[in-house]
Amino acid sequence: SLARFWRTKVVPGLAWSVLRDSGSVGGGIVVAPLVVPRDASPPVKFLGGLGCGACCGLATQLFHNAALTAGRMAEAGTRPGTLEAMRLCLA
């Protein structure tokens with residue numbers, strides 16, 4: 001049912017997914033202007049932004065892993081809390 005899908009697939013990792021995506025995209029937007037010169041050509045600006053976004057995405061990988069862990073726990077029948085999934089990733 002839709003309620004079961006929401007409870008087991010979406011809710012367990014929702015907080016960590018939002019944190020990861022916000023940190024990754026937002027980090028790329030904030031860091032790229034600091035790394036790429038203002039007078040750079042469009043391809044250099046694009047590659048600089050892409051590189052900064054990739055680095056920020058890698059930096060937020062732990063949040064991604066916590067979301068996946070929470071999803072696996074929910075599928076197994078456990079109702080994990082937000083911090084419980086992160087504790088398991090760090091253990």
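Data block above holds the structure.
Read on for a plain summary of the structure. (Residues numbered from 1 in each chain as written. Predicted model: local features only at pLDDT ≥ 70, side-chain atom pairs only at ≥ 80, totals over all residues. Heavy atoms only, no water.)

The next subject is the overall build of the protein. A tally of helices and strands in the protein yields four helices and zero strands. Going from N to C terminus, the protein has its helices and strands arranged as α-α-α-α. Its C-alpha atoms give the protein a radius of gyration of 17 Å, clearly above 12 Å, the size a compact globule of 91 residues would have. Once the C-alpha set of the protein is aligned to its principal axes, its extents read approximately 55 × 30 × 15 Å. Burial analysis of the protein (91 residues in total) assigns 27% to the buried set. (Helix = DSSP H or I, 4+ residues; strand = E, 2+ residues; numbered from the N terminus. Rg over C-alpha atoms; globule rule 2.2 N^0.38 Å. Buried < 20%, exposed > 50% of the residue type's maximum accessible area, 1.4 Å probe, protein only.)

In this section: the packing of helix 1 (residues 2–35) against helix 2 (residues 42–59). Two elements in contact, helix 1 and helix 2, have axes whose closest approach is 7 Å; the angle formed by their N-to-C orientations is 140°. Judged by the angle between their axes, helix 1 and helix 2 are oblique. Helix-helix and strand crossings are classified by hand; for helix 1 and helix 2 the assignment is right-handed. Residue-level inspection shows Arg20, Gly23, Ser24, Gly27, Gly28, Val31, Ala32 and Val35 of helix 1 in contact with helix 2, the latter providing Gly49, Cys52, Gly53, Cys56 and Gly57. Broken down by class, the residue content of the contact of helix 1 with helix 2 amounts to five nonpolar, seven polar and one charged. (Axes fitted to C-alpha atoms, helices over the stretch in contact; angles between N-to-C directions. Parallel < 35°, antiparallel > 145°, perpendicular 65-115°, else oblique. Left-handed = near helix turned anticlockwise from the far one by under 90°. Contact = heavy atoms within 4.5 Å. Nonpolar A, V, L, I, M, F, W, Y, C, P; charged D, E, K, R; others polar.)

With six residues, the main nonpolar core is built from Trp16, Ala66, Ala67, Ala70, Ala85 and Met86. Taken together, the elements giving at least two residues each to this core come down to helix 3 (61–75) and helix 4 (82–90). Top contributing element to this core by residue count: helix 3, with three residues. In contact with Ala85, other than residues within four places in its own chain, are Trp16, Ala66, Thr69 and Ala70. (Core = buried A, V, L, I, M, F, W, Y, C linked by side-chain atoms within 4.5 Å.)

Owing to its 3.6 residues per turn, the α-helix brings residues three or four apart onto one side. Under the 1.5 Å per step criterion, the end-to-end length of helix 2 is 26 Å for 18 residues, consistent within 8% with the ideal 26 Å. Looking at the buried side of helix 2, the elements it contacts are helix 1 and helix 3. (Expected span 1.5 Å × (residues − 1).)

Here we take up helix 1. At Leu14, helix 1 is deflected by roughly 60°, the largest bend along its length. The complete set of buried residues in helix 1 reads Thr8, Pro12, Gly13, Trp16, Arg20, Ser24, Gly27, Gly28 and Ala32. (Bend = angle between axes of the 7 residues up to and from the residue.)

Attention now goes to the side chain of Thr69. Along the chain, the position of Thr69 falls in helix 3. Leave out the neighbours within four places in its chain, and Thr69 touches Ala85, Leu88 and Cys89.

Attention shifts here to the packing of helix 1 against helix 3. Taken N-terminus to C-terminus, the directions of helix 1 and helix 3 make an angle of 165°; their axes are 8 Å apart at the nearest point. Between helix 1 and helix 3, the angle is such that the two are roughly antiparallel. When the axes of helix 1 and helix 3 are compared, the crossing they make is right-handed. Of the residues in helix 3, those touching helix 1 at Arg4, Arg7, Thr8, Lys9, Pro12, Gly13, Trp16, Ser17, Leu19 and Arg20 are Gln61, Phe63, His64, Ala66, Ala67, Ala70, Gly71, Ala74 and Glu75.

As far as function goes, none of this settles anything; it's purely spatial.
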